[in-house]
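Structural features, examined
The chain contents come next:
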There are 2 protein chains.
Amino acid sequence: MDIAVIGATGVVGKQCLELLDSGALAGLGRVVPVASAGSAGRDLAAEYGLSLKVDEVVALDDFDPSGLDLAIFSAGAPISRELGPVVAAAGALVVDNSSAFRMDDDIPLVVPQVNPQTMATRPARGIASVPNCSTIQLVRALHPLRALGELERLIVATYQAASGGGLRGLDELAATSRAILDRAQSTGPSAGASGRFGQPLAFSLVPEIGLRDDDGISHEEHKLRREPRKILGLPGLRVAATAVRVPVVNGHAEAVHVTFDRPVDARDALDVLRAAPGLRIYGADDGYPMPRQVCASPESSALVHVGRVRADPDDPCSLLLWVVADNLVVGAALTALEIARLAAESSWA
Amino acid sequence: MDIAVIGATGVVGKQCLELLDSGALAGLGRVVPVASAGSAGRDLAAEYGLSLKVDEVVALDDFDPSGLDLAIFSAGAPISRELGPVVAAAGALVVDNSSAFRMDDDIPLVVPQVNPQTMATRPARGIASVPNCSTIQLVRALHPLRALGELERLIVATYQAASGGGLRGLDELAATSRAILDRAQSTGPSAGASGRFGQPLAFSLVPEIGLRDDDGISHEEHKLRREPRKILGLPGLRVAATAVRVPVVNGHAEAVHVTFDRPVDARDALDVLRAAPGLRIYGADDGYPMPRQVCASPESSALVHVGRVRADPDDPCSLLLWVVADNLVVGAALTALEIARLAAESSWA
Ligand SMILES: NC(=O)c1ccc[n+]([C@@H]2O[C@H](COP(=O)([O-])OP(=O)(O)OC[C@H]3O[C@@H](n4cnc5c(N)ncnc54)[C@H](OP(=O)(O)O)[C@@H]3O)[C@@H](O)[C@H]2O)c1
Ligand SMILES: NC(=O)c1ccc[n+]([C@@H]2O[C@H](COP(=O)([O-])OP(=O)(O)OC[C@H]3O[C@@H](n4cnc5c(N)ncnc54)[C@H](OP(=O)(O)O)[C@@H]3O)[C@@H](O)[C@H]2O)c1
């Protein structure tokens, strides 16, 4: 299988290459990393310390998709929108990490642990979309709970890491945090001014991810409503979200309040979650998941971590959960590769 | 008015003295700072750069409450529990920042902007309680909205700053953040190990504040349920909270979903909030409140900041809000002094 990784020099692209290096896709042939012209010629296998054989980085303008089987796009929605259909027309399956096609009716929005049936036939346009990182961990935690009753309503508050803003976001959090620590006790609003997050994030919070519409709902909050509805096949699911950027390096967290169509028991929820694949569950004696620990090893980064599972004391039909996952791995690179694997193992491949 | 500040060397105590220095209480006489024996003799006016006349710090064991009019306790619940009644018996009004007495039926739990009537008579036991910091900002944002309809249900996720863990919490966040930055790229779980927050907080999240009970609800989450019920006089108010410590220096934030007993309009909510005292409201063109900015000046620290006011797209009876306040000022010191002022201005004083 010959593949291209578009956006290979970014934080998601790097995770893709590292996962490929650890054997995430069987039968791997050529690996073509693609990025901007400024990155052309870089030797990513050496930079990232991989034993995987990887071509030199190719500039997007020089990228030739012919003969490829798979192209994973992680270079932003404009590039996916422009180049995705071209690469699909050349014959490669496009797996897209951006928001470009997610809500298109004829594009499957795939979480392999939740709706693998969407890949039972080859996507009509040759493109499969990876959901938003916050959506993936949310639906992976919630889907198994449907054994207890149908989901009716979600109220979600997110705690999203700086790595969600890419390499620039990570660099900025480190640089501005250090600047604040060096001016001990500085609390002025100018410290840590940020380009990447719209407002200074270091040692603070930015309660808006993406622009907001006339109703005051941000782009990220719309994604958290529309995408779970599509993936879960529940167009009437009620979802109210608040998406907040927090000064965490990596790993998104979500405080989830979920209401079912019937009374549910927190112990039953734990049992059902424990039996589901790809989750790590924290019971009464197991502490709780935290972003740094969750992202500290490849094994842990590959799972969705669910803790603080408890009943709503005032509503027998509702539960509360705390869901954490590595937004670069579960939230993007690994899910993209799992979608590719689903395709490779399907009858139509 | 002769007063004592118990816990004067802590982060809340320091705010108390600074607020007194800026004239928060009229007719101030002696100011007696009290702390542990290790702090005895410290000159806090010099240390904090105050023009206020303040006695040398007195060790708790040497503290003589006789002749005092007011004692503000900010040294933890055990000290309040032991010493509060003694000081009240000596004739001083005790205003307690700890959780020691909050839920006692015969102790007023006071937010001057919300339930000043609780101070219309002298508290039976001579003690008035200041609510938990997270509670104060929550009820101050919600109370004015009752003009639109009665509150039925709250679903709250908190983003609580390190200063909520006192001086030690602040020092630890700074030290562990620096340690992580200095080991560039370190993401191991041991980095930033914490005593104060139970788990490492730097560049991560700790989703549990206070111990949790057999139902999995943490102490802080119980406070967020019980205290608003008592303050608002709504014993049946449904409240489901998730309390999370975030690597923010100072300033607590809350993502609030509130349901009313009738349909409500987000623009009406903005109007009502704008007319309420002690709030700063962020409308469509005003951005949103963030902890660093909120805590950057005394004027701003004295207000409760409410932004991102919006309708729940799936429920005409619900609104979402983002509420931020300085947990040391609004959340403790200033509210304590406002309670003292209420008392001083009352007919019974
Ligand atoms: N970060 C996350 O948590 C996350 C999660 C899910 C999905 N995603 C999605 O993944 C994509 C990449 O995100 P990221 O966080 O990895 O961003 P990033 O670290 O900023 O990396 C961006 C990548 O895109 C490339 N790129 C940017 N502009 C380009 C251009 N004009 N031509 C060619 N290549 C270009 C960059 O190449 P150069 O290095 O040469 O500039 C780099 O490889 C985005 O669509 C994002 O929405 C991200
Ligand atoms: N931080 C917040 O956001 C916040 C908000 C609302 C309410 N509160 C409440 O306010 C109180 C103080 O919190 P803080 O954050 O200011 O804590 P802090 O910074 O740790 O300060 C604790 C204070 O208590 C004194 N103290 C501790 N043990 C003592 C002892 N055995 N004898 C005499 N004094 C003793 C300390 O004196 P030394 O310096 O001599 O040790 C210091 O003055 C707590 O009850 C807390 O729950 C805090």
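The name an unreviewed UniProt entry assigns to chain A is Aspartate-semialdehyde dehydrogenase 2, from the organism Frankia canadensis. UniProt's Sequence similarities (unreviewed entry) comment on chain A is quoted here verbatim: "Belongs to the aspartate-semialdehyde dehydrogenase family."

**Here's the deal with the pairing of strand β5 (residues 93-96) of chain B**
Residues and elements named next belong to chain B. Every second residue of β5 is oriented toward a common face, with Leu93 and Val95 on one face and Val94 and Asp96 on the other, all of them buried. Here strand β4 (residues 70-73) pairs with β5 via four bridges, running parallel. Counted as the bridge partner of Ala71 is Val94 from β5. Note that the unit made of β4, helix α3 (residues 77-89) and β5 has a crossover that is right-handed. Bridge analysis of β5 against strand β6 (residues 127-129) gives three bridges, and the strand direction is parallel. When the bridges of β6 are listed, Asp96 appears paired with Ser129.

**Structural notes on the environment of Ser51 of chain A**
Mapped onto the secondary structure, Ser51 of chain A falls in the loop between α2 (44-48) and β3 (58-59). Taking C-alpha positions, Ser51 of chain A is 52 Å from Pro313 of chain A, a pair spaced 262 residues apart along the chain.

**Some words on the packing of aromatic side chains**
Aromatic rings in a pair are described by how distant their centres are and how their planes are angled relative to each other. Under the definition given, this model contains three aromatic pairs over all chains. Ring centres of Tyr159 of chain A and Tyr159 of chain B lie 4.0 Å apart, and the angle between their planes is 20 degrees; on these two criteria the pair is classed as stacked. Highlighted residues: Tyr159 of chain A in strand β7 (residues 151-159) and Tyr159 of chain B in strand β7 (residues 151-159), drawn from two different chains. Both residues of the pair, Tyr159 of chain A and Tyr159 of chain B, count as buried. An angle of 75 degrees between the planes, with centres 5.1 Å apart, marks the rings of Tyr159 of chain B and Trp322 of chain B as edge-to-face. Taken together, the residues Tyr159 of chain B in strand β7 and Trp322 of chain B in strand β12 (residues 315-325) connect sequence positions 163 residues apart. One aromatic cluster is present, built from ring pairs that chain together Tyr159 and Trp322 of chain A together with Tyr159 and Trp322 of chain B.

**Some thoughts on the packing of helix α4 (residues 133-142) of chain B against helix α10 (residues 329-344) of chain B**
Two quantities define a packed helix pair, namely the angle between the helix axes and the distance between the axes. All names here are of chain B. Close contact between α4 and α10 brings their axes to 8 Å; oriented N to C, the two are set at 70 degrees. Comparing the axis directions of α4 and α10 gives the class roughly perpendicular. Residues Cys133, Ile136 and Arg140 of α4 lie in contact with α10, whose contacting residues are Val330, Gly331, Ala332, Thr335 and Glu338. Per-class residue counts for the contact of α4 with α10 are four nonpolar, two polar and two charged.

**What to know about the relation of the copies chain B and chain A**
Between chain B and chain A, which share one sequence, the superposing operator has a rotation angle of 180 degrees and an axial displacement of 0.0 Å; the RMSD is 0.0 Å. Considering both components of the superposition, the chain copies are consistent with a two-fold axis. Take the interface residues of chain B: 100% of them recur as interface residues in chain A, which is what a same-surface contact looks like.

**Let's talk about the site of ligand 1**
Residue and element names in this part refer to chain A. Taken together, 25 residues are adjacent to ligand 1, and Thr9, Ser36, Ser39, Leu167 and Asn327 come closest. Thr9 is positioned such that a nitrogen or oxygen atom in its side chain is 2.4 Å from an oxygen atom of ligand 1. In this structure, Val11 approaches ligand 1 through a main-chain N or O atom, which is 3.0 Å from an oxygen atom. Taking 900 Å² as the accessible area of ligand 1 by itself, protein coverage stands at 74%. At the level of elements, α1 (11-21), α5 (166-182) and α10 (329-345) are the ones that each hand at least two residues to the shell around ligand 1. Grouping the constituent residues of the shell around ligand 1 by class yields eleven nonpolar, 14 polar and no charged. For the shell around ligand 1, the two domains that each supply at least three residues are domain 1 (3-131 + 332-345) and domain 2 (136-327).

**Comments concerning the sheet that holds strand β1 (residues 3-6) of chain B**
Residue and element names in this part refer to chain B. Spatially, six strands are ordered β3-β2-β1-β4-β5-β6 in an open sheet, and the strand pairing comes out parallel. A strand with exactly one partner marks an edge of an open sheet, and here the two such strands are β3 (58-59) and β6. Where strand β2 (residues 31-35) meets β3, two bridges bridge the pair, whose relative direction is parallel. Each bridged residue has a counterpart across the sheet, and for Val34 the counterpart in β3 is Val58. Along the sheet face, helix α1 (residues 11-21) touches β1, β2 and β4 and points at about 150 degrees away from the line of β1. Contacts from α3 reach β1, β4, β5 and β6, with the element oriented near 175 degrees to β4.

**With respect to the site of ligand 2**
Residues and elements named next belong to chain B. Close contacts around ligand 2 come from 25 residues, with Thr9, Ser36, Ser39, Leu167 and Asn327 the closest. A distance of 2.9 Å is found between an oxygen atom of ligand 2 and a side-chain nitrogen or oxygen belonging to Asn327. With the chains in place, 74% of the 890 Å² that ligand 2 exposes on its own is no longer accessible. Elements with a contribution of two residues or more to the shell around ligand 2: α1, α5 (166-182) and α10. Within the shell around ligand 2, the residues separate by chemical class into eleven nonpolar, 14 polar and no charged. Shared between two domains, the shell around ligand 2 takes at least three residues from each, and those domains are domain 1 (3-131 + 332-345) and domain 2 (136-327).

**Quick notes on the interface of chain B and chain A**
Counting residues at the interface gives 68 residues for chain B and 69 residues for chain A. At the boundary of chain B with chain A, total buried surface from both sides reaches about 5,700 Å², with 55% on carbon and sulfur atoms. The largest share of the area that chain B buries against chain A comes from Phe203, Arg292 and Arg308 of chain B, three residues that together contribute 14% of it. Summed over the shared surface of chain B and chain A, the number is 18 salt bridges. For Arg229 of chain A, the salt bridge is made with Asp314 of chain B, and the minimal N-O distance between the two is 3.0 Å. Between the two partners, chain B and chain A, sit 38 residue pairs in polar contact (both at pLDDT 80 or more). At the level of elements, β7, α5, α6 (219-232), β8 (238-242), β9 (252-260), α8 (291-294), β11 (304-312) and β12 of chain B are the ones that each hand at least two residues to the side of chain B that touches chain A. Sorting elements by how many residues they give to the side of chain B that touches chain A places α5 of chain B first, with seven residues. Taken together, the residues of the side of chain B that touches chain A sort by class into 37 nonpolar, 15 polar and 16 charged.

Reading guide: rules and limits
- Residue numbers restart at each chain and count upward from 1, following the sequence in its written direction.
- Chain letters and ligand numbers both follow the written order, the letters beginning at A and the numbers at 1.
- Reporting in this predicted model follows two pLDDT cut-offs: at least 70 for local features of residues, and 80 or more for side-chain atom pairs to be given and counted; totals over whole chains, interfaces and linings ignore these cut-offs and use all residues.
- Side-chain measures here rest on the full set of heavy atoms in the structure, leaving out hydrogens and waters.
- UniProt positions are given in the numbering used here, feature names are shortened, and annotations may be inferred rather than shown by experiment.
- The cut-offs for exposure are 20% and 50% of the maximum accessible area for each residue type, with area from a 1.4 Å probe on protein chains only; residues under the lower value are buried, those over the upper are exposed, and the others partly exposed.
- Comment: elements are numbered from the N terminus, with helices defined as DSSP H or I runs of at least four residues and strands as E runs of at least two.
- Whether two strands pair comes down to DSSP finding at least two bridges between them.
- A clockwise course of the path from the first strand over the helix to the second, judged with the strands pointing away from the viewer, identifies a crossover as right-handed.
- Geometry of aromatic contacts follows a simple scheme: Phe, Tyr and Trp rings, the Trp one being its six-membered ring, pair when their centres are within 6.5 Å, and the pair is stacked under 30 degrees between planes, edge-to-face over 60, tilted otherwise.
- Lines are fitted to the C-alpha atoms to define the axes, a helix being fitted only along its stretch in contact, and any angle between axes, read from their N-to-C directions, falls within 0 to 180 degrees.
- Note on terminology: angles under 35 degrees are roughly parallel, angles over 145 are roughly antiparallel, angles of 65 to 115 are roughly perpendicular, and the others are oblique.
- Contacts are residue-level and defined by heavy atoms, with any inter-residue pair within 4.5 Å sufficient.
- Polarity classes work like this: nonpolar for Ala, Val, Leu, Ile, Met, Phe, Trp, Tyr, Cys and Pro, charged for Asp, Glu, Lys and Arg, and polar for all others, with Gly in that last group.
- To line up the copies, we fit them by least squares on C-alpha atoms, keeping just the residues with pLDDT of at least 70 in both.
- We call a residue near a molecule or strand whenever a single non-hydrogen atom of that residue lies within 4 Å of it.
- Polar contacts, as used here, are pairs of N or O atoms within 3.5 Å; protein pairs need one atom able to donate a hydrogen and one able to accept it. Residues neighboring in sequence count only if both atoms are side-chain atoms.
- Surface accessibility follows the Shrake-Rupley procedure with a 1.4 Å probe radius. Residue values consider only the protein chains on display as shielding.
- Each domain span listed reflects an automatic or database assignment of domains.
- Accessible-area loss on putting two parts together, using a 1.4 Å probe and summing over both, is the definition of buried area adopted here.
- Basic side-chain nitrogens of Lys or Arg form a salt bridge, by our definition, when they fall within 4 Å of a carboxyl oxygen of Asp or Glu.

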